[in-house]
Amino acid sequence: MAACRMTRVVSHRSAALSWGWKVKTLPPLPDVTIPPNRKLRDSARGLATVHRRRPAPGSEAPDEWVTTPVRTVIDC
């Protein structure tokens with residue numbers, strides 16, 4: 001929901017969990033990656049741990065709500 005509200009993708013440990021992988025520690029908030037120039041609305045602050053990165057072509061899964069397995073491993 002946080003990624004959808006911020007119109008970006010689930011990433012890092014949250015993406016790993018969505019792929020069904022084990023993680024050493026659960027993230028206290030969902031990890032979401034947004035473009036570096038995206039302004040975050042006040043209503044979206046505190047909903048997620050925000051990471052900023054310019055999206056590379058093919059770095060999101062086909063349904064575009066979560067990073068691909070390869071990108072997830074790189075992020076983690």
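Just above sits the structure.
Novice: Got a minute to help me understand the side chain of Arg53 in this structure?
Specialist: Looking at the secondary structure, you find Arg53 in the loop between strand E3 (49-52) and helix H3 (69-75). Side chain to side chain, Arg53 and Asp75 meet in a polar contact 3.3 Å long.

Novice: Could you clarify how one ought to interpret the environment of Thr33 in this entry?
Specialist: Mapped onto the fold, Thr33 is located in strand E2 (residues 31-34). Residues Thr33 and Val50, 17 residues apart in the sequence, show an inter-C-alpha distance of 5.8 Å. Those residues in contact with Thr33 that lie beyond four places of it in its chain are Arg8, Val9, Ser11, His12, His51 and Arg53. A polar atom in the side chain of Thr33 sits 2.6 Å from the side chain of Ser11.

Novice: Please explain the pattern of salt bridges as it appears in this structure.
Specialist: Between side chains of opposite charge, a pair can form when the charged atoms approach closely. In the structure shown here, the tally under the stated rule is three salt bridges. Asp75 is paired through a salt bridge with Arg53; the nearest N and O atoms lie 3.3 Å apart. Of the two residues, Asp75 is situated in helix H3 and Arg53 in the loop between E3 and H3; the sequence distance between them amounts to 22 residues. Grouping residues by exposure puts Asp75 and Arg53 together as buried. The closest approach of N and O atoms between Asp75 and Arg71, which form a salt bridge, is 2.8 Å. On the criterion of helical spacing, the pair formed by Asp75 and Arg71 is a turn pair, its members being four residues apart in helix H3. The class for Asp75 is buried, based on a relative accessible area of 14%.

About the cut-offs
Residues numbered from 1 in each chain as written. Predicted model: local features only at pLDDT ≥ 70, side-chain atom pairs only at ≥ 80, totals over all residues. Heavy atoms only, no water. Helix = DSSP H or I, 4+ residues; strand = E, 2+ residues; numbered from the N terminus. Polar contact = N/O pair within 3.5 Å; in protein donor to acceptor, adjacent residues only side chain to side chain. Contact = heavy atoms within 4.5 Å. Salt bridge = Lys/Arg side-chain N within 4 Å of Asp/Glu carboxyl O. Buried < 20%, exposed > 50% of the residue type's maximum accessible area, 1.4 Å probe, protein only.

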